[in-house]
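Listed below are the residues making up each chain.
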Amino acid sequence: MLNLHLPRAVGAWLSRLTGQAESRPADPADTVMHWPPTLARVLGSAERHAHKSLAQALALEHPKGFLLAQVPLHKLVRVPRHHSYREWLSRTGLLTVDFALCDEHGYARAVVLMPVAEGQIRQARRRERLLKVLAATELSLATWEREWQNEEPARLRATLFPKSRGPGYYADTPHAAPH
C-alpha cells in the first residue's frame, strides 16, 4: 500500500530537526488567540496620587509596612470556622478595598476607599456590603478626599491612624498583631 503522507511526515521531521515550528491551525477554544491581551493601567490618576500620599503617611506610622492596592476583602478578614467559608466567599468574593495599609507583619491596620461616582448604583450597593463587613472589624476606615494629596504626611497619618499610642509604643513589633 502506498503511503501518501510520506512527504508531509518528512517535512515535519525536517522542521523539528531544524527547529522551525510547524504551523497548526488555531484552536477555536484558544482564548489568547481570539481575545489577544493588552496591558491595562492598574491605577488611575486619582489612585496614583492617593497611593503616593498614603505611602508617605504609612512610612511614618509603620516604617517597614506595606501599602497594597485593590486588595480582595477575603485577604483582609477571616470568618469564624464554624460558618461556611465558601458561602461567605460567594457573598463577598468580589469585594475589594482600594488601599490596605499594613504593618511589617502583613496585618492590615487601615483601609482607604476611593469615592464612588454618583449614579453608580451597582457600585454603591457593593460599597454598602463592603462597609458593613469592615465596620465589624477593628480596622481604621477612611474614604479618600482629594485634598489629602496636598496634606502633610504627619497630618494624614493622624487621620488614617486615629488611635492614640501609649508610652513605649512601637507599631512594627510582633506584640502589635491583632488578637
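Please refer to the structure higher up on the page.
So, here's what we can say about the structure.

Conventions used here
Residue positions are given per chain, counted from 1 along the sequence in the order it is written. Only residues with pLDDT of at least 70 get local features here, since the model is predicted, and only at 80 or more are side-chain atom pairs given and counted; chain-wide, interface and lining totals rely on the full set of residues. Note that water and hydrogens are dropped before the side-chain values are worked out from all heavy atoms of the structure. Strand pairing is defined by DSSP finding a minimum of two bridges between the two strands. Here a strand is any run of E in DSSP of at least two residues, a helix any run of H or I of at least four, and the numbering for each starts at the N terminus. An axis is simply a line fitted to the C-alpha atoms; with a helix, the fit covers only the stretch in contact. Between two such axes, the angle follows the N-to-C directions and lies from 0 to 180 degrees. Note on contacts: a residue pair qualifies if any of its non-hydrogen atoms lie within 4.5 Å across the two residues. Think of it in three bands: residues with accessible area under 20% of the maximum for their type are buried, residues over 50% are exposed, and the middle band is partly exposed, with areas taken using a 1.4 Å probe on protein chains only. Within this scheme a cavity is a closed region of a 1 Å grid, computed over the protein atoms alone, that accommodates a 1.4 Å probe without allowing it to escape, whereas a pocket is open but has protein on both sides within 12 Å along at least five of seven lines; lining residues each have an atom within 4 Å of a point. Grid points are joined across faces, edges and corners, and a volume is the space filled by probe spheres set on the points. Residues are sorted three ways: Asp, Glu, Lys and Arg are charged, Ala, Val, Leu, Ile, Met, Phe, Trp, Tyr, Cys and Pro are nonpolar, and all the rest, Gly among them, are polar.

For the rest of this paragraph, the subject is the sheet that holds strand β3 (residues 108-113). Here we have four strands laid out as an open sheet, ordered β1-β2-β3-β4, and mixed in their pairing. Looking at the sheet topology across the chains shown, the edges are occupied by β1 (66-72) and β4 (140-143). Strand-to-strand twist in this sheet, taken as the mean axis angle between neighbours without regard to direction, amounts to 25°. Helix α3 (residues 45-61) contacts β1, β2 (96-102) and β3 of the sheet and is inclined by roughly 25° relative to β2.

All right, on to the environment of Glu47 then. You can see Glu47 is positioned in helix α3. Given a relative accessible area of 18%, Glu47 falls into the buried group. On a C-alpha basis, the gap between Glu47 and Phe99 in space is 9.1 Å, while along the polypeptide they are 52 residues apart. Among residues more than four places away in sequence, those in contact with Glu47 are Val42, Gln70, Asp98, Phe99 and Met114.

This next bit is on the layout of surface pockets. Its boundaries defined by the atoms lining it, the second largest pocket holds a volume of some 330 Å³. In terms of lining residues, the second largest pocket is bounded by 14 residues, among which Thr96, Asp98, Val116, Gln123 and Arg127 are the most central. Contributing elements (two or more residues each) for the lining of the second largest pocket: β2 and α6 (121-135). Tallying contributions element by element places α6 first for the lining of the second largest pocket, with four residues. When grouped by side-chain class, the residues that make up the lining of the second largest pocket number seven nonpolar, three polar and four charged.

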